[in-house]
Amino acid sequence: MSSKILIIGACGQIGTELTTKLRELHGVDNVIASDINTRKLELVNSGPFVILDAKNFNAIKDCCINHNIDTIYLMAALLSATGEKYPMEAWDLNMNSLFHVLNLAKSGQIKKVFWPSSIAVFGPTTPRENTPQHTICEPTTVYGITKQVGERWCQYYHDKYGVDVRSIRYPGIISHKAMPGGGTTDYAVEIYHEAIKEGKYESFLSEDTNLPMMFMDDAINATTQIMAAPAEDLTIRSSYNLSAISFTPEEIADSIKAEMPEFKMTYKPDFRQAIADSWPSSIDDSVARKDWNWSHDFDLKKMTSEMLTQLKKKYQS
Ligand code: SER
């Protein structure tokens, strides 16, 4: 029997494309998309959709019972930049939603959980280059703290209660379908939209800020791959390091200029610079590559070409 999936936070940047992919893999009717509101009409109209508050345990539980759900992807979160503006809200949403889902899994209602962590678990004392899987994690953002603590709880629920929870530390994710909301790596998405719309972009990070990034197709593949892996192959139950490419704002601008020589880039770092400066510039993901055969496909050139092609279609049609 195909598993019955609930995606919480389905209208977000990753949730949107994850919903499409999971519906391809498991059948439209086996994937229930949910979010706090119906802001994304294509998604609402493309298959089963419920309005669900990730902070409401009973609402999640009722939804799981009503739809016979056995697997949850918990994609709702307040990201790094928004979290600094609303620290208590970030703590409330990011932690309580995770406890709700872990407790449903502990009770046996749910058999498998995906919960995303982030490079934000790292901090200024973490080795910046090729950051190892097991290393110092002293995050400086509320978002990073929620992800670090969440990782410990995932490990705890796995070890003490046998909960099958799987997690990835996503780098910055670049996509053309849904906009990211409130992250420090968002510049690497905005830049492509502005390149097509205005021919120029002002970066809120300095030209030499090197951060780990990934194209959405790779992120979605990683997510479906880790969820399909045999449980006994997974040696990490906190969260796996995951890596594809690293680049600076100057390098992404250069990759755009290679296709659009007239593109202009300027720099005006804001409060997000300090967050970016506390994060690694590259990640060692050899454990993910060994345990569940992770590998990425998109480099910077291929990603830029795909982003510009798709966004031209979007804005020029
Ligand atoms: N993209 C996220 C952020 O910038 C990192 O997980 O907050």
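In the nomenclature of an unreviewed UniProt entry, the protein corresponds to UDP-glucose 4-epimerase related protein from the organism Winogradskyella psychrotolerans RS-3. Here is the UniProt Sequence similarities (unreviewed entry) comment for the protein, exactly as written: "Belongs to the NAD(P)-dependent epimerase/dehydratase family."

Chemist: Give a detailed account of the site of the ligand, specifying residues and quantitative values.
Modeler: Neighbouring the ligand are Leu-79, Ser-80, Ser-118, Tyr-143, Gly-183, Thr-184, Thr-185 and Trp-279. One of the side-chain N or O atoms of Thr-185 is found 2.8 Å from a nitrogen atom in the ligand. If the ligand stood free it would expose 240 Å²; the protein chains cover 93% of that surface. Classifying every residue of the shell around the ligand by side-chain character gives 3 nonpolar, 5 polar and no charged.

Chemist: I'd like a rundown of the nonpolar core, residues and numbers included.
Modeler: Ranked by size, the top nonpolar core spans 71 residues in total, and within it Ile-174, Tyr-192, Phe-247, Trp-292 and Met-303 carry the most contacts. The element best represented in this core is helix H7 (residues 187–197), accounting for 7 residues. Filtering out sequence-adjacent residues up to four positions away, Trp-292 remains in contact with Ile-168, Ala-222, Gln-225, Ile-226, Ala-229, Leu-234, Tyr-240 and Leu-242. In this structure, Cys-64, Leu-102, Val-113 and Cys-154 belong to the second largest nonpolar core, which totals 29 residues.

Chemist: Requested: an account of the packing of helix H1 (residues 13–26) against helix H8 (residues 216–228), with residues and values cited.
Modeler: Contact pair H1 / H8: the axes reach a minimum separation of 10 Å and the direction vectors enclose 55°. Between H1 and H8, the interaxial angle falls into the category oblique. Between H1 and H8 lies a crossing whose hand is right-handed. Two secondary-structure elements touch here, H1 through Gln-13, Ile-14, Glu-17, Leu-18, Lys-21, Leu-22 and Leu-25 and H8 through Met-216, Ile-220, Asn-221, Thr-223 and Thr-224. Looking at the contact of H1 with H8, its residues break down into 6 nonpolar, 4 polar and 2 charged.

Chemist: Summarise the pattern of salt bridges; cite the residues concerned and give the values.
Modeler: Taken as a whole and assessed by the stated rule, the structure comprises 9 salt bridges. A salt bridge links Arg-169 to Glu-151; its shortest N-O distance comes to 2.8 Å. Separated by 18 residues along the polypeptide, Arg-169 in strand S8 (residues 168–170) and Glu-151 in helix H6 (residues 142–161) bring together distant segments of the chain. The same class applies to Arg-169 as to Glu-151, namely buried. One salt bridge in this structure joins Asp-285 and Arg-289, with 2.8 Å as the shortest N-O distance.

Criteria and cut-off values
Residues numbered from 1 in each chain as written. Predicted model: local features only at pLDDT ≥ 70, side-chain atom pairs only at ≥ 80, totals over all residues. Heavy atoms only, no water. UniProt positions renumbered as here; feature names shortened; annotations may be inferred. Near = heavy atom within 4 Å. Polar contact = N/O pair within 3.5 Å; in protein donor to acceptor, adjacent residues only side chain to side chain. Areas by Shrake-Rupley, 256 points an atom, 1.4 Å probe, with all protein chains shown as cover. Nonpolar A, V, L, I, M, F, W, Y, C, P; charged D, E, K, R; others polar. Core = buried A, V, L, I, M, F, W, Y, C linked by side-chain atoms within 4.5 Å. Buried < 20%, exposed > 50% of the residue type's maximum accessible area, 1.4 Å probe, protein only. Helix = DSSP H or I, 4+ residues; strand = E, 2+ residues; numbered from the N terminus. Contact = heavy atoms within 4.5 Å. Axes fitted to C-alpha atoms, helices over the stretch in contact; angles between N-to-C directions. Parallel < 35°, antiparallel > 145°, perpendicular 65-115°, else oblique. Left-handed = near helix turned anticlockwise from the far one by under 90°. Salt bridge = Lys/Arg side-chain N within 4 Å of Asp/Glu carboxyl O.

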